[in-house]
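# Examining the three-dimensional arrangement
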Amino acid sequence: MSLIKENIEVIKKEIETICLERNREPKDVTLIAVTKTVDIERIKEAIDAGITNIGENRVQEIMDKYEDLKNYANFHLIGHLQSNKVKYIIDKVKLIHSVDSMKLIDEINKRAEKSNTIVNMLIQVNVAREDTKFGIDINEVDDYIEYASKFDNIKVQGLMTIAPYFEDAEKTRPIFRTLKEKFDELSNNKYNNVEMKYLSMGMTNDYKIAIEEGSNMVRIGTKIFGKRVYNSNL
Ligand SMILES: *Cc1c(COP(=O)(O)O)cnc(C)c1O
C-alpha cells in the first residue's frame, strides 16, 4: 500500500473511533485532503485512496490544478481570498472556507450572479484573536450572518477556524468548543440563505480534538502527504 493511502486509512480509522465513542456517524465528518504544494501525481494517489475533497489555499494553485483534477475531486478554497481574485475561482470551488470581510461577500455575490450560480461559503472566525491570522472576531459573526442573508447568490453553510499551533494540542480544545457553541446557537436561528451545516476545524496537529468538540469537516495536509516542500515554481 502506498504511504499516502496508509496515512489516509489511519486518519479514517481515527475519525471512526472518535465518532463511535460519541454516537456520531463517521460519514458525517468530511475529510479534506489539503493539497497545497502537492503535485498532481501524489494528489491522484490520495484520490485513488478514496479522497473526494481537496483543499488549496491559493487561487493560482487551484487554477493550475483544476483541469487535471476537476473530474475526480471537489476543490475547497481554504486560504485568504482577495476580492480581485474571486472571478478566477467562482465556478471552480465547491466551498469557500475563508470569507472574512463584507467586501468579499459583496464580490462573491456579484460574481456568482454574473455566472448564474450560487456559491457556498463558510465564515472564517479568528477565535483566538491572533494578529497573524485572518478571520473575523467571534463577536462579529451575527452581523456577518445577517449581512450575508440578504444576498441571493450565496449560501452561508457554516463556520471555519484555524486554531493556534500548540505543541500540546489539548490546548486548542477551548477554541473549538467556543466555535461549536456559536455554531449551535446560529443553528437555532432562521435566516435566508444560511444553513449551519459545516463546522470546518481541525488540521494535522489538532483534528482529533476538533472532532471531539464537534467539528464535521477537517482539513489535513501534513499527515497525508508528509511535510510540505515549498517550491518556487508552484
Ligand atoms: C495548510 C492548511 C491546512 C493543513 O495543515 P496541516 O497542518 O498540514 O494538516 C489546513 N487548513 C488551512 C487553512 C491550511 O492553510
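Note that the coordinates shown come from a computational prediction; the quantities given were computed from them, not determined experimentally.

## Observations concerning the overall build of the protein chain
Secondary structure assignment for the protein chain yields 9 helices and 8 strands. What you see for the protein chain is a C-alpha radius of gyration of 17 Å, in line with the 17 Å of a compact globule of 234 residues. Considering the protein chain as a whole, with its 234 residues, one finds that 50% of them fall into the buried category. Accessible surface, the protein chain as shown: approximately 11,800 Å² in total, 44% of it carbon and sulfur.

## Some details on the nonpolar core
Formed by 68 residues in total, the largest nonpolar core has its most connected members in Leu81, Ile96, Ile105, Ile108, Ile123 and Leu159. With 6 residues, the single largest contributor to this core is helix H1 (residues 3-21). Grouped together as the second largest cluster of nonpolar side chains are 6 residues, Ile32, Leu122, Met160 and Met217 included.

## Concerning the pattern of salt bridges
Inspection of the entire model under this criterion finds 21 salt bridges. For Glu61, the salt bridge goes to Arg58, with nearest N and O atoms at 3.7 Å. Take Arg58: its relative accessible area is 37%, and that puts it in the partly exposed class. Among the charged side chains, a salt-bridge network with shared partners connects Glu170, Arg173, Arg177, Glu212 and Glu213.

## What about the site of the ligand?
Lining the immediate environment of the ligand, one finds Val34, Lys36, Ile78, Ile162, Met203, Thr204, Arg219, Ile220, Gly221, Thr222 and Arg228. Measuring from an oxygen atom of the ligand, one finds a side-chain N or O atom of Thr222 at 2.5 Å. Between the ligand and Arg228, the relevant distance is 2.8 Å, taken from an oxygen atom to a side-chain nitrogen or oxygen of the residue. Burial of the ligand by the protein chains amounts to 90% of its free accessible area of 390 Å².

## A short note on the pairing of strand E2 (residues 53-56)
Along any regular strand, the residues point their side chains to alternate faces of the sheet. Where burial is concerned, the two faces of E2 agree: the one with Asn53 and Gly55 and the one with Ile54 and Glu56 are both buried. In this sheet, E2 lies alongside strand E1 (residues 30-34) in parallel orientation, the contact comprising 2 bridges. Opposite Val34, over in E2, you have Gly55 as the bridge partner. Where the polypeptide runs from E1 across helix H2 (residues 40-48) and back to E2, its parallel neighbour, the crossover connection is right-handed. Pairing between E2 and strand E3 (residues 74-77): 4 bridges, direction parallel. Its bridge partner being in E3, Gly55 is matched across the sheet by His76.

## Concerning a negative patch on the surface
Together, Asp39, Glu41, Glu45 and Asp48 make up a region of like negative charge exposed at the surface. Within the fold, Glu45 resides in helix H2.

## A closer look at helix H3 (residues 59-69)
Buried residues of H3: Val59, Glu61, Ile62, Lys65, Tyr66 and Leu69, and no others. One side of H3 holds all its buried residues, which, seen down the axis, span an arc of 135°. The secondary structure elements touched by the buried residues of H3 are H2, E2, E3, helix H4 (86-89) and strand E4 (93-99).

Rules used throughout
- Residues numbered from 1 in each chain as written.
- Predicted model: local features only at pLDDT ≥ 70, side-chain atom pairs only at ≥ 80, totals over all residues.
- Heavy atoms only, no water.
- Helix = DSSP H or I, 4+ residues; strand = E, 2+ residues; numbered from the N terminus.
- Rg over C-alpha atoms; globule rule 2.2 N^0.38 Å.
- Buried < 20%, exposed > 50% of the residue type's maximum accessible area, 1.4 Å probe, protein only.
- Areas by Shrake-Rupley, 256 points an atom, 1.4 Å probe, with all protein chains shown as cover.
- Core = buried A, V, L, I, M, F, W, Y, C linked by side-chain atoms within 4.5 Å.
- Salt bridge = Lys/Arg side-chain N within 4 Å of Asp/Glu carboxyl O.
- Near = heavy atom within 4 Å.
- Polar contact = N/O pair within 3.5 Å; in protein donor to acceptor, adjacent residues only side chain to side chain.
- Pairing = 2+ DSSP bridges.
- Right-handed = clockwise from strand over helix to strand, strands pointing away.
- Patch = residues over 30% accessible without salt bridge, like charges linked within 9 Å, V, L, I, M, F, W, Y side chains within 5 Å.
- Lys, Arg positive; Asp, Glu negative; His and termini not counted.
- Charge placed at Lys NZ, Arg CZ, Asp CG, Glu CD.
- Arc of directions from axis to C-beta.
- Contact = heavy atoms within 4.5 Å.

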